[in-house]
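Descriptive analysis of the structure
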Amino acid sequence: MSDPSTPLRSALGNRQMTMIAIGGVIGADLFVGSGKAIGSAGPGVLIAYLGVGLIVILVMRMLAELAVAKPETGSFSSYATRELGPWAGLSVGWLYAYQWCITVGFEAIAGAAIAHRVLPGIPSWLAAFVFMAVLIAVNLAQVANFGEFEFWFALVKVVAIVAFILLGLAALFGLVPGFHSPGLSNFTAHGGFLPEGNTAVLLATLVVFFSFFGTEVVTIAAGEAVAPVEAVRRGMNSVVWRILVFYIGSIFIVLALLPWNDNKVTQSPYVAVLERLGIPGAAGVMDVVVLTAVLSCLNSGIYASSRMVFALGRSGEAPRLFARTSRNGVPVAAVLLASSIGLITVVANYFIPTEAVFNFLLDSSGAVAVVTYLCITATHYRGRRRLDREAPGSLTLKMWAFPYLTLLVGAALIAIIAGMALSASTRRSLLLTLLVTAITVVAGVIRQRRTATASAPERTLPTSEGIK
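Notes on the structure in this doc start here. Per-chain numbering applies: the sequence of each chain, read as written, is numbered from 1 onward. Under the rules for a predicted model, residues below a pLDDT of 70 receive no local features and side-chain atom pairs below 80 are neither given nor counted, while totals for whole chains, interfaces and linings still include all residues. Computation of side-chain values: all heavy atoms of the structure, hydrogens and water removed.

**Focus: the overall build of the protein**
Here is the rule: Think of it this way: any DSSP run of H or I at least four residues long counts as a helix, any run of E at least two long counts as a strand, and we number them from the N terminus. Values of the radius of gyration come from C-alpha atoms, whereas the globule rule sets the reference at 2.2 Å times the count of residues to the power 0.38. With a 1.4 Å probe rolled over the protein chains alone, any residue whose accessible area is under 20% of its type maximum counts as buried; one over 50% counts as exposed, and the rest are partly exposed. Here, two residues are considered to be in contact whenever any of their heavy atoms come within 4.5 Å of each other. Per-residue accessibility takes into account occlusion by the displayed protein chains alone, with areas from the Shrake-Rupley method and a 1.4 Å probe.
Scanning the protein from N- to C-terminus turns up 20 helices and 0 strands. For the protein, the C-alpha radius of gyration of 23 Å lies close to 23 Å, the compact-globule estimate for 468 residues. Expressed as lengths along the three principal axes of its C-alpha atoms, the size of the protein is roughly 100 × 50 × 40 Å. Taken across its 468 residues, the protein has 54% of its residues classed as buried. Across the protein, the fraction of contacts at a sequence separation of at least 24, relative to all contacts at a separation of at least 6, is 81%. When the accessible area of the protein is evaluated, it comes to approximately 19,200 Å², of which 67% is carbon and sulfur surface.

Shown next, in the form of structure tokens:
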């Protein structure tokens, strides 16, 4: 390995950065986890997706403003250190890395379950281990490998979801032979638009928040992009239509074509729609798509977590070992740390039923996204205020209606946290998140105080010669 000061390499081209930005918002949870959200809230889940989607769009706009002004590998962790203090950068950086480490384990288990279903002779733990080993090797080689794999993974996801939406619209307008279009009746015919009440919609936001996580990866990758400012600007500007088309559009199609309380919709909504439309081999087709989404998230998770740990190591908020890079410009130690929880999960999957591991990972990670977005919001508010004072008119990309929308997003995120505290079904996940957050904040405060003490000038008593 080289000296800790060795930089990462700018090797991600515009083509790769574009697909990282587009594909980052399409995770396996859209294809699988959305069924759980639909089953818990009914057609009203659209409100959860619209509400969370709007929040994510606004948070990404804030992040885009920060990233275009100064793109860095550490992204919002670096910005939080600059605007709020080292304690905040350390806290949100480690929280984000933790979230992605959990996600890596989550995706490994999800991919293994699909592989085992398609090929029952392969144990799920073995499939998970193979997936982990291959993508760890990809991330250890060079960043261009990550970018190329992610390009093709994202392309498959985008083609699949666009084809699904177009087919669904054709069915809705009665253009699919053998299928009678229900129109929009399924939105109200089975208990109304809010069959489980308003509270169910709020509770569904936990699953929804988890599914949106990953949109910000393009700002992490900006530090290794050939044209970082252009890539971030283009990627963040397109986040609106990506969320509207991929999430709102596809969930709308599912709810329009089939009753929300159909067991098949709850288990696998996209497969249920394709089977109802008479698409041959629908389950097999969706298995390939979901597996691609799983591997994409696994690949992105290892990358995003390792780059955040690298940035923390470079700023002294993690051991310097993690800031070292190989001759290929890869932070090897950071990649191995980012993969560690996924590997531990593979071992756990050997002893614990897959469903138990899957549900634990899903329930224990969603609230971290809310805390991370809240920190980005606070960082943006503080940073924008400072820039308006020190360098007015210097920003080339701005958050809309500042400070009103920024404050509104902060209030909405706090309301979601409060709502999770009031619900027995989400309280455990929130408490776990708050515990992890408290640990990182305390660690950040301790480090900041130690750094301040170490850098303060030594105070010496005056000598007799200095006394007049």
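Continuing now.
**Digging into a nonpolar patch on the surface**
Quick reminder of the rule: Each patch is built from residues lacking any salt bridge and having more than 30% relative accessible area; the joining distance is 9 Å for like charges and 5 Å for nonpolar side chains (Val, Leu, Ile, Met, Phe, Trp, Tyr). By definition, a salt bridge exists where a carboxyl oxygen of Asp or Glu is found within 4 Å of a side-chain nitrogen of Lys or Arg.
On the surface, Trp-125, Leu-126, Phe-129, Val-130, Val-134 and Leu-343 cluster together into a nonpolar patch covering about 470 Å² of accessible area. Of all the elements, helix H7 (residues 124-141) adds the most residues to the nonpolar patch, at 5 residues. Structurally, Trp-125 is set in helix H7. According to the relative accessible area criterion, Trp-125 is partly exposed, its value standing at 32%.

**What to know about unusual backbone geometry**
Of note, the amide linkage connecting Phe-402 to Pro-403 takes the cis form, showing an omega dihedral of 5°. Here the phi dihedral of Ala-401 falls at roughly 45°; this positive angle occurs in a residue that is not glycine. Counting through the fold element by element, Ala-401 comes out in the loop between helix H18 (366-390) and helix H19 (404-422).

**A few points about helix H4 (residues 45-69)**
Threshold: A helix is expected to reach a length of 1.5 Å times the quantity of its residues less one.
Look at H4: 36 Å from first C-alpha to last across 25 residues, which is about the 36 Å you get at 1.5 Å a residue. A large share of H4 lies buried, amounting to 20 of its 25 residues.

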